[in-house]
Every structure is written in structure tokens, then in C-alpha cells.
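So the chains spell out like this:
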Amino acid sequence: MKALRWGAVALFLVGGIFGVLFWGGFHTVLEATNTMEFCISCHEMEANVYQEYKKSPHYTNASGVRATCPDCHVPREWGPKMLRKIRASNELLHHWRGTIDTPEKFNEKRAEMAERVWAEMKANDSHECRNCHSWEAMDFHKQTERSREKMEEGRKEGKTCIECHKGIAHTLPKRDD
């Protein structure tokens, strides 16, 4: 009976240690893939959208606050973050297949990729934008008259950020019409 008890204790301890190591490793990989450096480690991102982003107000602005790729494209909450990471595996597949490895191929798929991101942002009420921007924190009196009018109009109409701010960090896709 004593051996059985010690066996259960050993199993519990070994299981606990492996669980901590697994969770720690998983969390480390998760956080490593949630950085600007990881996002732009692919040639496609570094050569295309990263260069556009560096010219945007999300990169350089009067307040000195910089939003990075994960700030805008990865939810902070664990469940939605996991779903986004799973969907991102499709992006890695396209990287490895060379689907968007040249500026020409990238721009050919730009509209499709942008539409997918915009639809997701519209569906979640631009949740990632609202991690930093909120109606309550806006000082409309410090905005230009036109900006103030448009922001107040958008607020009254219940618009989400992406409905008015497409192209805020990246070049808009060329339209065929």
C-alpha cells in the first residue's frame, strides 16, 4: 500500500513538472510569435506592409506611442488570440508556398487579404483598435473641425473604426472599377 501511495505521489509530481514545462514552452512560443520581429521576419511582410506601416501614424506620431503588428492584428484575450494564431497558420502556408513572395504576387492578393482583415475587424467592432482608442478618451475639441464632425457622425451611426480608417497603416488595394 505504501508503494502505491509513493507511486501516485511520483506520478503527480512528474505530471506536474511536465505540465509546467509544456505550458511554459507553449507560452514562450506563443509570445515569441507575438512580436514585431517575428511578424517582419518573413520577406513578404518586411518588404511590403512593414515599409507602409513605417510611414503611418501608428509608427511615428506626436504622442510617441507606437502600435506594433500584434497590437492591431492579434487579440489580447486568450481564446480569440488562439483562434487568430490558428488562422495565421494559413498565412505561413502561403509564405512557404511562395504565394505572395514577390511584390507583384503580394499586390495581386492584397485586396483579398485586406478584405479578410477588414471583415474580421468590422465583425468584432474593431476590438484591437479599441484597446488603445475609445470614444470616452477622445478629446473632440483637440481634433480638426472636419475630424471632429466625422468622428461624432461615426459614433452616432455606430460605425466601427475600420469602416472609416481603412488604409491607416497600410496601402489600400488598387480597385479594378
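Our structure is the block above this text.
In this report, we go over the structure that sits alongside the text. (Residues numbered from 1 in each chain as written. Predicted model: local features only at pLDDT ≥ 70, side-chain atom pairs only at ≥ 80, totals over all residues. Heavy atoms only, no water.)

**Thoughts on the nonpolar core**
Okay, step 1: Ranked by size, the top nonpolar core spans 6 residues in total: A114, W118, M121, C129, C161 and I162.
Okay, step 2: If you list the elements that add at least two residues to this core, you get α6 (103-123) and α9 (161-164).
Okay, step 3: Counting residues per element, this core draws most heavily on α6, at 3 residues.
Okay, step 4: Discounting residues that sit within four places of it in the chain, I162 has contacts with W118, M121, K122 and S126. (Core = buried A, V, L, I, M, F, W, Y, C linked by side-chain atoms within 4.5 Å. Buried < 20%, exposed > 50% of the residue type's maximum accessible area, 1.4 Å probe, protein only. Helix = DSSP H or I, 4+ residues; strand = E, 2+ residues; numbered from the N terminus. Contact = heavy atoms within 4.5 Å.)

**Quick look at the environment of H170**
Okay, step 1: Locating H170 in the fold gives a position in the segment after α9.
Okay, step 2: Apart from residues lying up to four places away in sequence, H170 is in contact with V49, E52, Y53 and H73.
Okay, step 3: At a separation of 3.4 Å, a polar atom in the side chain of H170 contacts the main-chain carbonyl oxygen of V49. (Polar contact = N/O pair within 3.5 Å; in protein donor to acceptor, adjacent residues only side chain to side chain.)

**Overview of the pattern of salt bridges**
Okay, step 1: Counted according to the given criterion, the structure contains 10 salt bridges.
Okay, step 2: Residue E52 is joined to R110 by a salt bridge in which the shortest nitrogen-to-oxygen separation is 2.5 Å. Here E52, found in helix α3 (residues 43-53), pairs with R110, found in helix α6; they are 58 residues apart in sequence, far enough to count as distant.
Okay, step 3: Residue classification places R110 among the buried positions, given a relative accessible area of 9%.
Okay, step 4: A salt bridge links K159 to E157; its shortest N-O distance comes to 3.5 Å.
Okay, step 5: Residues participating in the shared-partner salt-bridge network are K109, E112 and R116. (Salt bridge = Lys/Arg side-chain N within 4 Å of Asp/Glu carboxyl O.)

**Some remarks on the packing of α3 against α6**
Okay, step 1: Interaxial distance between α3 and α6 falls to 10 Å at its minimum, and their mutual angle equals 60°. It follows from the interaxial angle that α3 and α6 lie oblique. As for the relative orientation of α3 and α6, their crossing is right-handed in sense. On α6, the residues touching E44, M45, N48, V49 and E52 of α3 are P103, F106 and R110. (Axes fitted to C-alpha atoms, helices over the stretch in contact; angles between N-to-C directions. Parallel < 35°, antiparallel > 145°, perpendicular 65-115°, else oblique. Left-handed = near helix turned anticlockwise from the far one by under 90°.)

**Digging into the packing of aromatic side chains**
Okay, step 1: According to the stated counting rule, one finds 5 aromatic pairs in the structure shown.
Okay, step 2: With 6.2 Å between their ring centres and 35° between their planes, W23 and W78 make a pair best called tilted. Of this pair, W23 sits in helix α1 (residues 2-32) while W78 sits in helix α5 (residues 78-97), and the two are 55 residues apart along the sequence.
Okay, step 3: Members of the aromatic cluster, each reached through a chain of ring pairs, are F22, W23, F26 and W78.
Okay, step 4: In this structure, R66 packs its charged tip against the face of Y59, placed 3.6 Å from the ring centre. (Phe/Tyr/Trp six-rings, centres within 6.5 Å; stacked < 30°, edge-to-face > 60°. Lys NZ or Arg CZ within 6 Å of the ring centre and 35° of its normal.)

Taken by themselves, the reported measurements are silent on function.
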